[in-house]
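Observations on chain architecture
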Amino acid sequence: NAGVMQNPRHLVRRRGQEARLRCSPVKGHSHVYWYRQLPEEGLKFMVYLQKENIIDESGMPKERFSAEFPKEGPSILRIQQVVRGDSAAYFCASSNQAGTNPYSGANVLTFGAGSRLTVL
Amino acid sequence: GQNIDQPTEMTATEGAIVQINCTYQTSGFNGLFWYQQHAGEAPTFLSYNVLDGLEEKGRFSSFLSRSKGYSYLLLKELQMKDSASYLCAVRDIVIRDNYGQNFVFGPGTRLSVLP
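A quick note: this is a predicted structure, and the numbers were derived from the prediction, not measured. (Residues numbered from 1 in each chain as written. Chains lettered and ligands numbered in written order. Predicted model: local features only at pLDDT ≥ 70, side-chain atom pairs only at ≥ 80, totals over all residues. Heavy atoms only, no water.)

**Section: the overall build of chain A**
Inclusion rule: Where helices and strands are cited, they refer to DSSP runs of H or I of at least four residues and of E of at least two residues respectively, numbered from the N terminus. Classification of residues uses two cut-offs on accessible area relative to the type maximum, computed with a 1.4 Å probe and protein chains only: under 20% is buried, over 50% is exposed, and between them is partly exposed. A contact between two residues is defined here by any heavy atoms of the two lying within 4.5 Å.
A count of helical and extended segments in chain A gives zero helices and 11 strands. Counting helices and strands in the order they occur from the N terminus, chain A gives β-β-β-β-β-β-β-β-β-β-β. In chain A, which comprises 120 residues, the proportion classed as buried is 45%. Relative to all contacts within chain A whose residues are 6 or more apart in sequence, the contacts with residues 24 or more apart total 54%.

**Topic: the layout of surface pockets**
Empty pockets left among the atoms are what a rolling probe the size of a water molecule brings to light. Heads up, the condition is: Cavities and pockets were defined on a 1 Å grid built over protein atoms only: a cavity is a set of grid points that admits a 1.4 Å probe from which the probe cannot escape, a pocket is an open set flanked by protein on both sides within 12 Å along at least five of seven lines, and lining residues are those with an atom within 4 Å of any such point. Grid points are joined across faces, edges and corners, and a volume is the space filled by probe spheres set on the points. Note that Gly is not counted as nonpolar here; it falls among the polar residues with everything else outside the nonpolar set of Ala, Val, Leu, Ile, Met, Phe, Trp, Tyr, Cys and Pro and the charged set of Asp, Glu, Lys and Arg.
Estimated volume of the largest pocket: approximately 460 Å³. Residue lining of the largest pocket: 24 residues in total, with Gln37, Pro39, Glu40 and Glu41 of chain A together with Ser85 of chain B positioned closest to the centre. Put simply, the parts of the chain that give the lining of the largest pocket at least two residues each are strand S9 (88-95) of chain A together with strand S9 (84-95) and strand S11 (109-114) of chain B. Counting residues per element, the lining of the largest pocket draws most heavily on S9 of chain B, which supplies three residues. Across the lining of the largest pocket, the residue classes break down as eight nonpolar, 11 polar and five charged.

**Describing the sheet that holds strand S3 (residues 19-24) of chain A**
Residues and elements named next belong to chain A. Note the cut-off: One bridge is not enough; two strands pair if DSSP finds at least two bridges between them. Convention adopted: a line fitted to C-alpha atoms gives each axis, helices being fitted over their contacting stretch, and angles between N-to-C directions are expressed from 0 to 180 degrees.
Strand order across the open sheet formed by four strands is S1-S3-S8-S7, with antiparallel pairing between neighbours. At either margin of the open sheet sits one strand with a lone partner, and together these are strand S1 (5-7) and strand S7 (65-68). Along the sheet, successive strands turn relative to each other by an average axial angle of 15°, direction set aside. Note that S1 and S3 share three bridges and pair antiparallel. The residue bridging Asn7 from the neighbouring strand is Arg22, located in S3.

**Comments concerning the environment of Phe63 of chain B**
Its place among the elements puts Phe63 of chain B in strand S7 (residues 60-65). When the C-alpha atoms of Phe63 of chain B and Leu32 of chain B are compared, they prove to be 9.6 Å apart, with 31 residues separating the residues in sequence.

**Let's talk about the environment of Val12 of chain A**
All names here are of chain A. As for its position among the elements, Val12 is in strand S2 (residues 10-13). In this structure, the C-alpha to C-alpha distance between Val12 and Lys27, residues 15 residues apart in sequence, is 29 Å. If we ignore the near neighbours within four places in the chain, the residues touching Val12 are Thr118 and Leu120.

**Digging into the sheet that holds strand S3 (residues 18-25) of chain B**
Residues and elements named next belong to chain B. Reading across from one edge, S1-S3-S8-S7-S6 is the order of the five strands in this open sheet, with antiparallel pairing throughout. Here the strands that pair on one side only, and so sit at the sheet edges, are strand S1 (3-5) and strand S6 (53-57). Neighbour-to-neighbour, the strand axes of the sheet open up by a mean angle of 15°, direction not taken into account. Here six bridges tie S3 to strand S8 (residues 70-75), and the two strands are oriented antiparallel to one another. Looking at the pairing, Ile20 lines up with Leu73 of S8.

**Describing the environment of Leu43 of chain A**
Counting through the fold element by element, Leu43 of chain A comes out in strand S5 (residues 43-50). The class of Leu43 of chain A is buried, set by a relative accessible area of 2%. In this structure, the C-alpha to C-alpha distance between Leu43 of chain A and Arg84 of chain A, residues 41 residues apart in sequence, is 19 Å. Ignoring sequence-local partners within four residues, the contact set of Leu43 of chain A consists of Tyr35, Arg36, Gln37, Phe91 and Phe111 of chain A together with Pro43, Leu87, Phe105 and Gly106 of chain B.

Listed below in structure tokens is the structure:
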């Protein structure tokens, strides 16, 4: 039973190129979250998706960044025209069906190993 | 909006007990989580509180007071391998076009365990 799979693990891009980061959630999980982490810092929320829907993208810059979670296939975080400031680790996490019951502790986030983007 | 605060760094000695505090402000609180993250690795789940009180799991315990917006993680019998960042996260209800539950993380506390 594979966990959250992210690829590539390391990606190097030159300024102005595009970066595509992929995330396959835990089998059966329908909620995907993307976080960004700079060295020595915490996880910054970017976007939260369910299958074919964006639930919350309040943490994602309006320009150059986009995310999708299609009906089939992995979730994709896309960064266009990358700049040096985009260099960071991007973590994907998934959880199972969200419910209204706060005692359903099973809705724990499971993280992937992260994709480390370096912009030259 | 959400605001989560933790101390940036802490140091403790092997075999000791350490308490890492977390304060939070959220609009739709639906549970508090603690994660451990070793340098260069993915965060891993440690504990979960939704009711007030103490949850114990081996050497790790977590406490929650919802009225005070406060939690702590207690680590007993510290080992060198406990040197890591400890992340406090709040699960928040999100209602926009669709219903969901978001997870917002604090800045993390970097714990160094010394021999």
